[in-house]
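# Coordinate inspection notes
So you can see what is in the structure, the chains are spelled out below.
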Protein chains: 2
Amino acid sequence: MCVSTIAFDEWVREVLARTEAALSLVLPPANVEPIQLHQAMRYAVLGGGKRIRPMLCHAAGQALGAPSQLRDTASCALELIHVYSLVHDDLPSMDNDNMRHDKPAVHIQYDEVTGLLVGDALQSQAFIVLALDVFDVYRQVALMRILACATGSLGMAGGQAIDLASVGMRLSKTQLEVMHQMKTGALLRAAVKMGAICGDGMSADIEAGLDAYAQAVGLAFQVVDDILDVTARSTLLGKTAGKDAANNKPTYVSTIGLQASLELVARLRLDAYAALAPLGKRGIRLAQIADMVVERVN
Amino acid sequence: MCVSTIAFDEWVREVLARTEAALSLVLPPANVEPIQLHQAMRYAVLGGGKRIRPMLCHAAGQALGAPSQLRDTASCALELIHVYSLVHDDLPSMDNDNMRHDKPAVHIQYDEVTGLLVGDALQSQAFIVLALDVFDVYRQVALMRILACATGSLGMAGGQAIDLASVGMRLSKTQLEVMHQMKTGALLRAAVKMGAICGDGMSADIEAGLDAYAQAVGLAFQVVDDILDVTARSTLLGKTAGKDAANNKPTYVSTIGLQASLELVARLRLDAYAALAPLGKRGIRLAQIADMVVERVN
């Protein structure tokens, strides 16, 4: 695990740059009708975001020898789904959040109906991207199946439904975990799996290891999110801090306390490391992403 | 074109019944978590709707020898996309309609956020369905590509954006046609194409004929919709009549007048017949669907 911070920073910068370029290419140009919808789709997707899902996809793909074009395309599909979910989550009827990535949310910058349609169209765009001719048909079908399942009612959308139904309720740690495994975990796991599928094929123990890694990192990501909602400032987060507490949403901090949440994150990092054992040195980027997720301050 | 009305009625009843059964199977059961979301998805999809897209898919598929299981699966994906669009269109920020298929719209029966999530999850479900193992991978990729493109910003979602931006504006007949070709035409064309792809392969002239047919029927469907919005009663429509006029939306009736709209529908029916020539007698169901679309009263 001892690669210099600089090398990983450079790798992150490269992933961010190539993801931005790839997303710009797969989104319809802003001068094509319907112009406002396309402008708003580009506004939502480009120029912001942590790009964690593309990072996971690239890292898993690189570990298994996946060509960059395939990793880029799968990453775009993942990020389009992620951004669609953010745009809809920010809507007044959902979380009613005005800021996203340090700029006005789509429904503020444009209007509510544009926010609704941008999310809808971005979900379709993700599947349009996976239908591009860069993959062989076997990979295409596998990627579409994984992404659609991670996105739907047994994945991300279902997790959001449970989250909204939990406002004001006291959840057990297990219930909270199930909700997050669906709401954010499903797409993070899909990111690792999709990256790996772009590669050369893998043994059963690598496949299982990657999935255990993705589960640990996905959960850590959420616990850190809950911790930051309490400890960070809005200016640092790029979104409104303290929202969960204000909205009376159950979080790890409200359910098990701040200290236990911090300890859980530390344990999940070790779980993630351990799960990468079958990959040996090829798992280095994934380990570094685990570190980044755990140590992030926004 | 001289097949008895009874035979077509029976065929329609069979398509409706098998579509209902297939949709019930591909939707998550109502007792699986998140229960309310799954109940609401089933409420939105089952027990109502004209099922025009499944009819087109089955008719085109049967003309080209497609097995029933493939037609059923493609039909479900199409109908899930269609229902997702209805659920979102009915939302307060969009068309704000309280009734759909003679019952309260999803956001009335449940709440607004459930309407949003039901639409989101139904879109994902359509791609989950196409990822089922009933197709060979080549057909799967083709079907996914057609459906995703028909659904996104250059298809249905884009058409809806143009429609909403046109409120209070006077559109030319051509602009109106472009809007409808995207908003409803794209998915109706996809229905014919997807049904055909489930079959044995087709010559270029059959492919072109089917697409010309689908364009004519798609446009006729919309013009009839606009006519019915003026001439029919809400009780007959199963949704609120006069909404377009009340919302100051450009329609065929407001753009070219009622008489010219009726003449256009008659011409489109002849166009649809003519486009089916390469199919010979195999095009009979498609011709009957054209009749049904033109003659419908709700």
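This write-up is about the structure you can find in this document. Please read all numbers here as calculations on a predicted model, not as lab measurements. (Residues numbered from 1 in each chain as written. Chains lettered and ligands numbered in written order. Predicted model: local features only at pLDDT ≥ 70, side-chain atom pairs only at ≥ 80, totals over all residues. Heavy atoms only, no water.)

### Some thoughts on the overall build of chain A
- Within chain A, the regular secondary structure consists of 15 helices and 2 strands.
- Viewed in the frame of its principal axes, chain A has a C-alpha envelope of about 50 × 45 × 35 Å.
- Evaluated residue by residue, chain A yields a buried proportion of 59% over its 298 residues.
- Looking at chain A alone, contacts between residues at least 24 apart form 74% of all its contacts between residues at least 6 apart.
- On chain A, roughly 11300 Å² of surface is accessible, and the fraction owed to carbon and sulfur atoms is 56%. (Helix = DSSP H or I, 4+ residues; strand = E, 2+ residues; numbered from the N terminus. Buried < 20%, exposed > 50% of the residue type's maximum accessible area, 1.4 Å probe, protein only. Contact = heavy atoms within 4.5 Å. Areas by Shrake-Rupley, 256 points an atom, 1.4 Å probe, with all protein chains shown as cover.)

### So, the relation of the copies chain B and chain A
- The transformation that overlays chain B on chain A combines an axial shift of 0.0 Å with a rotation of 180 degrees, and the residual RMSD is 0.0 Å. The transformation just described matches what one would write down for a two-fold rotation axis.
- Interface residue correspondence from chain B to chain A reaches 100%, placing this contact among same-surface, isologous pairings. (Least-squares fit on C-alpha atoms with pLDDT ≥ 70 in both.)

### Focus on the interface of chain B and chain A
- Each side of the interface is counted separately: chain B has 45 residues, and chain A has 45 residues.
- Counting the surface lost from both chain B and chain A, the interface buries some 3500 Å², and carbon and sulfur atoms represent 72% of this.
- Where chain B meets chain A, there are 2 salt bridges.
- The partner of Asp133 of chain B in a salt bridge is Arg145 of chain A, and the shortest N-O contact between them spans 3.2 Å.
- Inspection of the chain B/chain A interface yields 12 residue pairs in polar contact (both at pLDDT 80 or more). (Buried area = accessible area lost by both parts, 1.4 Å probe. Salt bridge = Lys/Arg side-chain N within 4 Å of Asp/Glu carboxyl O. Polar contact = N/O pair within 3.5 Å; in protein donor to acceptor, adjacent residues only side chain to side chain.)

### A short note on the packing of aromatic side chains
All names here are of chain A.
- Enumeration over the complete set of coordinates arrives at 5 aromatic pairs over all chains.
- On the basis of an interplanar angle of 15 degrees and a centroid distance of 5.8 Å, the ring pair of Phe8 and Trp11 is categorised as stacked. Of this pair, Phe8 and Trp11 both sit in helix H1 (residues 5-26), 3 residues apart, which is roughly one turn of that helix.
- The class for Trp11 is buried, based on a relative accessible area of 6%.
- Judged by centre distance (5.7 Å) and plane angle (80 degrees), the rings of Tyr43 and Tyr110 are edge-to-face. Of this pair, Tyr43 sits in helix H2 (residues 35-45) while Tyr110 is found in the loop between helix H5 (106-109) and helix H6 (112-130), placing the two residues 67 residues apart along the sequence.
- Accessibility expressed as a relative area gives 15% for Tyr43, which makes it buried.
- The ring of Phe221 is capped by Arg296, whose NZ or CZ atom sits 4.0 Å from the centre of that ring. (Phe/Tyr/Trp six-rings, centres within 6.5 Å; stacked < 30°, edge-to-face > 60°. Lys NZ or Arg CZ within 6 Å of the ring centre and 35° of its normal.)

Shape is all these values report; function is a separate question.
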